[in-house]
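Descriptive structure summary
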Amino acid sequence: MPKQFYGHLLTALLFSIGLGTHAFAAPDADWPKKPIIAILPFPAGGSTDVFARSIGVPLGEALGQPMVIDNKPGAGGMIALGAAAKASPDGYTLLFSALTNQSISYSLFKNPPADLTKDFVPVALVGSIPHLIVVNPSVPAKNLPELIAFIKSKKGDFNYASQGNGSLSHLESTLFLQRIGASGTHIPYKGSAFALPDLIAGNTLMMFDSVTASLPHIQSGKLRPIAIAAPERSPLMPNVPTLGQDGMKQFDVENLYAIYAPKGTSPAITARLEREIRKILTNPDFKTRLANQGIHPQFANSEQLSIITQSERDKWAKIVKAANVKID
């Protein structure tokens with residue numbers, strides 16, 4: 001037979017066993033082919049949602065496919081955690097994690113649906129959003145000492161809101177009331193978007209909430225800020241002191257956010273995501289725009305995030321145990 005025939009036969013055999021020219025291309029080189037879903041543990045309109053959408057738009061543009069936000073609020077972030085863990089590890093589902101919240105909830109719930117340290121691949125830390133104490137304007141207190149005196153005068157007869165059972169907002173309130181030797185009735189909501197209308201209406205009197213979600217209502221006079229539950233004051237509210245500055249030491253909280261992929265997701269995909277997220281978070285214009293909303297963009301790579309994730313887990317497990325916090 002002619003040599004040309006053997007040449008064609010060899011080519012056909014190579015392709016049939018996966019050794020053709022395309023077989024040597026990276027298996028994820030054509031990713032993504034469709035929109036990517038980012039699962040969030042809080043509802044639309046809250047600080048987590050604002051942060052995720054702010055990153056999702058430029059990330060989708062960089063990848064050539066839109067980022068679709070899927071809000072799954074409830075159970076201190078455990079509903080979203082479970083849903084993301086069950087997703088196919090094909091690069092088309094991510095978890096935009098309220099890392100601090102979900103670390104707390106993991107220690108509070110008896111049977112967590114998933115584990116950030118075992119069921120996910122860390123992609124990147126993306127930043128933090130400080131919390132603060134806000135009150136309904138009907139509350140006579142203008143500062144922390146006055147608020148403490150007011151709460152004690154109520155002798156437990158008042159309602160306070162939180163972003164949900166097992167949330168950072170819930171734990172902050174519990175620890176705060178323990179510190180001042182007072183009590184009240186906890187009213188949990190599925191995030192700030194649901195809690196704030198009742199706080200504004202006066203159905204609840206106090207809440208630990210994110211600067212991002214509360215800021216518009218503070219600016220309109222519908223809510224009054226008391227103190228920042230973070231190491232530093234917010235540049236958006238320079239006249240509002242931290243809890244430490246107003247007399248309550250060691251009440252600093254780093255409210256962290258990060259992106260994870262389901263365990264088994266290709267390293268090539270997570271590496272691509274990490275690179276693109278780094279570019280977004282280190283862009284000066286992006287950082288300034290988010291800072292004006294009370295969000296602090298902060299990048300850490302996958303290896304660093306793995307260490308941070310375990311550290312947050314260990315830290316909050318100790319705090320929950322020491323404070324004997326129980327979910328309602």
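Residues numbered from 1 in each chain as written. Predicted model: local features only at pLDDT ≥ 70, side-chain atom pairs only at ≥ 80, totals over all residues. Heavy atoms only, no water.

1. Brief notes about the sheet that holds strand 8 (residues 206-210)
Judged by pairing direction, the sheet is mixed, and its five strands sit side by side in the order 7-6-8-5-9 without closing on themselves. Looking at which strands have only one partner, the edges of the open sheet turn out to be strand 7 (185-188) and strand 9 (224-228). Taken pair by pair, the neighbouring strands of this sheet meet at an average axis angle of 30 degrees, ignoring direction. Bridging between strand 6 (residues 159-162) and strand 7 involves four bridges; their strand directions are parallel. The partner of Ala-161 across the bridge, within strand 7, is Ile-187. Sitting on the sheet, helix 7 (residues 192-201) is in contact with strand 5 (131-135), strand 6 and strand 8, with an inclination near 145 degrees to strand 8. (Pairing = 2+ DSSP bridges. Helix = DSSP H or I, 4+ residues; strand = E, 2+ residues; numbered from the N terminus. Axes fitted to C-alpha atoms, helices over the stretch in contact; angles between N-to-C directions. Contact = heavy atoms within 4.5 Å.)

2. Side note on the pairing of strand 10 (residues 256-262)
Buried residues dominate strand 10, accounting for seven of its seven residues. Pairing analysis gives three bridges linking strand 3 (residues 93-97) to strand 10, with the strands arranged antiparallel. Paired with Phe-96 across the two strands is Ile-259, which belongs to strand 10. Bridge analysis of strand 4 (residues 120-128) against strand 10 gives seven bridges, and the strand direction is antiparallel. For Phe-120, the partnering residue across the bridge sits in strand 10 and is Pro-262. (Buried < 20%, exposed > 50% of the residue type's maximum accessible area, 1.4 Å probe, protein only.)

3. Brief notes about the side chain of Thr-270
Relative to the helices and strands, Thr-270 is located in helix 9 (residues 267-281). Among the polar contacts made by the side chain of Thr-270, one reaches the main-chain carbonyl oxygen of Pro-267 at a distance of 3.1 Å. Ignoring anything within four residues of it in the chain, the contact list for Thr-270 reads Val-121, Val-123, Ala-261 and Thr-265. (Polar contact = N/O pair within 3.5 Å; in protein donor to acceptor, adjacent residues only side chain to side chain.)

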